[in-house]
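Observations on the three-dimensional arrangement
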Amino acid sequence: MKRSLICVAILAPAMAILRFWPGLAGLWMESAALPLLNALHRLSAALPFPLLEPLALLLLPGLLRRRSRALILAFMIGMYGLLWYPAYFAAPAPNCDAPADAEQLCLRLTDALNASALAFEPPFDAAGAVAGLPWARVKPARYPEWMRRMDIEGLFSPWTGEALVDADAPPGSLPFTCVHELMHLKGIADEGQANIAAYRYCVDQGGMFADSARLWALRCALGRLDEPARARVARRANRRLRPLLMISEVREPSPLSRLLGIGRQTADYDALLGWLALTPPA
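Notes on the structure follow. What you see is a predicted model, and the numbers here were worked out from it, not measured in a lab. (Residues numbered from 1 in each chain as written. Predicted model: local features only at pLDDT ≥ 70, side-chain atom pairs only at ≥ 80, totals over all residues. Heavy atoms only, no water.)

Broken down by element type, the protein chain carries 15 helices and 3 strands. Its C-alpha atoms give the protein chain a radius of gyration of 20 Å, within 12% of the compact-globule value 19 Å for 282 residues. Its C-alpha atoms give the protein chain principal-axis dimensions of about 65 × 40 × 35 Å. Relative to its 282 residues, the protein chain shows a buried fraction of 49%. In the protein chain, the share of contacts with a sequence separation of at least 24, taken over all contacts with a separation of at least 6, comes to 74%. When the accessible area of the protein chain is evaluated, it comes to approximately 14600 Å², of which 62% is carbon and sulfur surface. Averaging the positions of the 29 positive and the 25 negative side-chain charges in the protein chain gives two centres separated by 7 Å. (Helix = DSSP H or I, 4+ residues; strand = E, 2+ residues; numbered from the N terminus. Rg over C-alpha atoms; globule rule 2.2 N^0.38 Å. Buried < 20%, exposed > 50% of the residue type's maximum accessible area, 1.4 Å probe, protein only. Contact = heavy atoms within 4.5 Å. Areas by Shrake-Rupley, 256 points an atom, 1.4 Å probe, with all protein chains shown as cover. Lys, Arg positive; Asp, Glu negative; His and termini not counted. Charge placed at Lys NZ, Arg CZ, Asp CG, Glu CD.)

Encoded structure:
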């Protein structure tokens, strides 16, 4: 217990320093955290299954024991605090306000998708090259039920360096989700900025990745509309696109993320919409 308290006592001021000194956070990420995350990813990529899931199962009995619980939690928090938390402050992201006319953005995306093939294949082998990380792998979760309980389709694990996705997510979402999770492997922690970066890579690639990126943006933008506006967008969509339309509600940051000072960065997924509104159609 004393050793775990010592670890927390050392980690807390280190996290505070990295939070309020972005230059040091950037230097730390570039020189230490990112190389370690990449090394973890390469090691875990050699396994044919996601490492995070069996690792969590192995640690669970220890968490139930009072003697080992504190040390395991200290290790988990320490990994997060040193390898991932600084990334939220290493490159402060500008706020991207939501577009004043989300319906026009929806119609613009709908027109582009109406002209697309909308043919999707499993993206796991191709996502690394699309993201500019040809050595990287995206793994389907072996037991994706836990992802569905958390209402997520993808996750980047700083403990194993893995990018994981729910392979049973809608096929139109998977290519963009894979590239989004690999943006985290590049050290982009802010969810909105990861969306923007993933969108640019996907559109540059074209094909199903561009279609998936536009579908994800449309899904997010539809969450900003009222029912009559959504109906107008649905009428604009052709027969191939209409079954693929989905709606993402605006996410609220968790109390813990607010406490850590990363509430906005963990919930600003629709920063992509503000960026798209200022970007020429592509």
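Any two packed helices are characterised by the angle at which their axes cross and by the distance between the axes. Contact geometry of helix H3 (residues 52-63) with helix H4 (residues 66-83) gives a least axis separation of 7 Å together with a crossing angle of 135°. The angle between the axes of H3 and H4 places the two elements in the oblique class. Contacts between H3 and H4 involve Leu59, Gly62 and Leu63 from the first element and Ser68, Arg69, Ile72 and Leu73 from the second. Its residues assigned to classes, the contact of H3 with H4 comprises 4 nonpolar, 2 polar and 1 charged. (Axes fitted to C-alpha atoms, helices over the stretch in contact; angles between N-to-C directions. Parallel < 35°, antiparallel > 145°, perpendicular 65-115°, else oblique. Nonpolar A, V, L, I, M, F, W, Y, C, P; charged D, E, K, R; others polar.)

This brings us to the nonpolar core. Grouped together as the largest cluster of nonpolar side chains are 67 residues, with contacts concentrated most on Trp84, Val138, Val179, Leu182 and Tyr199. The element contributing the most residues to this core is helix H11 (residues 207-222), with 10 residues. Those residues in contact with Leu182 that sit more than four places away from it in its chain are Ala127, Gly128, Ala131, Leu133, Ala136, Arg137, Val138 and Ala163. (Core = buried A, V, L, I, M, F, W, Y, C linked by side-chain atoms within 4.5 Å.)

What follows concerns unusual backbone geometry. Note on backbone geometry: most residues besides glycine have negative phi, and most peptide bonds are trans. Of note, Leu118 is a non-glycine position whose phi angle comes to about 55°, a positive value. By secondary structure assignment, the location of Leu118 is in the loop between helix H6 (102-114) and helix H7 (127-130). Here Asp151, not a glycine, exhibits a phi torsion of approximately 60°, which is positive. With respect to the element layout, Asp151 can be found in the loop between helix H8 (145-149) and strand S2 (154-157).

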